[in-house]
Amino acid sequence: MEYGYRILAGGETNELSCCHCQNEQFTVKGKIKYAFFILQYLPFVPLKREVILTCNQCQNVHNNALESNIVNDIKKRLFKFYIILPMFTGLILSLLAIAYWQYGQYQERVLTQEYLSTPYVNDFYFINNQKLLENQRPNQNYRLAKIVSIGNNVVSLVYARFTFQHKNMIKQDIQSGMVIDSRYFAKKQYLFTFDKLQQLLNEEAILLVKRPQYNRLYGNLVIDNTVKVSKGDSLGQFFNNKGEAFMRISHLQENINNARKYFLKSAEIGYTPGQINLSRWYINDAKIDQALYWLKLASYKGDKTAINLYLVNCPKVEECDGIKFSADVTALGFSLMAR
Ligand SMILES: [Zn+2]
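Residues numbered from 1 in each chain as written. Predicted model: local features only at pLDDT ≥ 70, side-chain atom pairs only at ≥ 80, totals over all residues. Heavy atoms only, no water.

Undergrad: Whenever I open this one, the nonpolar core confuses me. Can you help?
TA: A general trend in soluble globular proteins is that nonpolar side chains are found buried together. Ile-32, Leu-53, Leu-66 and Ile-74 are the most contacted members of the largest nonpolar core, which totals 20 residues. Where this core is concerned, the elements lending two or more residues are β2 (26-36), β3 (43-55), α1 (68-78) and α2 (81-84). Apart from the residues within four sequence positions on either side, Ile-32 is in contact with Gly-4, Tyr-5, Arg-6, Leu-8, Pro-46, Lys-48, Arg-49, Phe-79, Ile-83, Ile-84 and Met-87. Among the nonpolar cores identified, the runner-up in size contains 18 residues, and Leu-116, Tyr-125, Ile-150 and Leu-197 belong to it. (Core = buried A, V, L, I, M, F, W, Y, C linked by side-chain atoms within 4.5 Å. Buried < 20%, exposed > 50% of the residue type's maximum accessible area, 1.4 Å probe, protein only. Helix = DSSP H or I, 4+ residues; strand = E, 2+ residues; numbered from the N terminus. Contact = heavy atoms within 4.5 Å.)

Undergrad: Where do I start with the coordination of the zinc ion in this structure?
TA: Tetrahedral coordination by four donors places them ideally at 109.5 degrees to one another around the metal; octahedral coordination by six donors ideally gives 90 or 180 degrees. On the protein side, the zinc ion has Cys-18 (SG), Cys-21 (SG), Cys-55 (SG) and Cys-58 (SG) as donor atoms, found 2.3 Å from it. One can describe the site at the zinc ion as tetrahedral: its four donor atoms subtend angles covering 102 to 120° at the metal. Each donor residue of the zinc ion belongs to the same chain, and together they define the spacing C-x2-C-x33-C-x2-C. Residue Cys-21 is found in the loop between β1 (2-13) and β2, and its partner Cys-58 is found in the loop between β3 and α1; the two are separated by 37 residues along the sequence. Residue class for Cys-21 comes out partly exposed when judged on its relative accessible area of 23%. For Cys-58, a relative accessible area of 28% corresponds to the partly exposed category. (Donors = N, O, S within 2.8 Å, 3.2 Å for Na, K, Ca; no water. Tetrahedral: all angles 85-135°; square planar, octahedral: opposite > 155°, others 65-115°.)

Undergrad: What is the right way to read the packing of aromatic side chains from this model?
TA: Both the distance between ring centres and the angle between the ring planes are used here to describe each pair of aromatic rings. Summed over the entire model, instances satisfying the criterion amount to 14 aromatic pairs. Ring centres 6.2 Å apart and planes at 50° place the aromatic pair Phe-124 and Phe-185 in the tilted group. Of this pair, Phe-124 sits in strand β4 (residues 124-128) while Phe-185 sits in strand β7 (residues 185-193), and the two are 61 residues apart along the sequence. Per residue, the accessibility class of Phe-124 equals that of Phe-185, and both read buried. Ring geometry for Tyr-184 against Phe-185: centres 5.1 Å apart, planes inclined by 70°, an arrangement best described as edge-to-face. (Phe/Tyr/Trp six-rings, centres within 6.5 Å; stacked < 30°, edge-to-face > 60°.)

Undergrad: Would you explain unusual backbone geometry in this entry?
TA: Generally, phi is negative for residues other than glycine and the peptide bonds are trans, each holding for most cases. In this structure, Glu-204 takes a positive phi of about 65° despite not being glycine. Its relative accessible area of 47% is what places Glu-204 among the partly exposed residues. Of note, Asn-215 is a non-glycine position whose phi angle comes to about 65°, a positive value. The topology assignment puts Asn-215 in the loop between β8 (206-210) and β9 (216-217).

Undergrad: Before we go on, may I ask you to explain the domain arrangement of the protein in this structure?
TA: Quite often, the size of an interface is put as the accessible area lost when its parts meet. When the domains of the protein are assigned, the result is domain 1 (2-87), domain 2 (118-221) and domain 3 (235-331). For domain 1 and domain 2, the distance between their C-alpha centres works out to 61 Å. (Domains from an automatic or database assignment.)

Undergrad: How do you make sense of the pattern of salt bridges when you look at a structure like this?
TA: Any two side chains of opposite charge can pair if their charged atoms end up close together. Per the counting criterion, the structure on display carries five salt bridges. Across the pair Glu-108 and Lys-210 runs a salt bridge, and its minimum N-O distance is 3.0 Å. With Glu-108 in helix α3 (residues 89-117) and Lys-210 in strand β8, the pair connects residues that are 102 residues apart, well separated along the chain. Linking Asp-123 and Arg-211 is a salt bridge whose minimum nitrogen-to-oxygen distance equals 2.8 Å. Residue Asp-123 is located in the loop between α3 and β4, and its partner Arg-211 is located in the loop between β8 and β9; the two are separated by 88 residues in the primary sequence. The two residues Asp-123 and Arg-211 agree in class, both being buried. (Salt bridge = Lys/Arg side-chain N within 4 Å of Asp/Glu carboxyl O.)

Undergrad: Explain the sheet that holds β3 to me, please; I cannot follow it from the model alone.
TA: Hydrogen bonds along the backbone pair up the strands of a sheet, which may run parallel or antiparallel. Sheet architecture is open: three strands sit in the order β1-β2-β3, paired in antiparallel fashion. Each of the sheet's edge strands pairs with one partner strand only, and the pair in question is β1 and β3. Each adjacent strand pair in this sheet contributes to an overall mean axis angle of 20°, direction not counted. Looking at chain direction, β2 and β3 are connected through eleven bridges and run antiparallel. Note that in β3 the partner of Lys-29 across the bridge is Ile-52. (Pairing = 2+ DSSP bridges. Axes fitted to C-alpha atoms, helices over the stretch in contact; angles between N-to-C directions.)

Encoded structure:
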């Protein structure tokens, strides 16, 4: 904290006589002492107001020579509301900044809840590792996670390979542009039901959910749509393979039902080819409604086969809105063009 002064001209007075030269003409000035941080021209708060009387003839200063009611009258005349208010500029700006910051925090909490309830692929999760997994070392407090697929009431998350001691380092990692590298996240997927996610949010194991806009977070590109996400050896793929194996011996009705069972398992944990196979099964069985449900989930991950199948089958169902679907897919950043 530093101090500055502002001097106000207050005219002249002849209410007293100088003890040095007996002159009765005095110049009146107001002096405001104010506190500031760094910028002298941005007063933070006023501290002291005083009246200074200078003898016009000998220039001696007579500050305590006037009666207090006269001094108060001068103060009232000099230190007007519109003179004093700007002295509070720093304080007012600080309060506004705090209010703005708090509003930002509030917005983040509201959006986190919204994103958690209606998850999208590529939503980013700020994770408190200590609350999610026990016995972590102190430098493993926080990490980033990302949704890689969404199934029926479950999402698959992948975790960042990197952990941090401080929460704000997650944001720094995003701002440094590291996140877009496909090696940033480990391949292993972890399944969570929507209920479990809500519980983790309540326990503050999930601290924040951020959804990229135009593939960007904090101004940085975080998703590279040109790189295919590796399917890995996930459970979803395993179930899908089993389903396809049953389809190869589909001359038996029992095998077709088994295939559907495995495609459903694969689809439910968010494996895209499993969702498409299940949809094909439903289309063959003339259950277009159910097919569209799964095709939409796969389409929202940008799968072109799913998008095409959806658009082909949508007109068969009265309630299906192909235009809205196309708009949604485009809004997510995917192309409608056929392969
Ligand atoms: Zn004098």
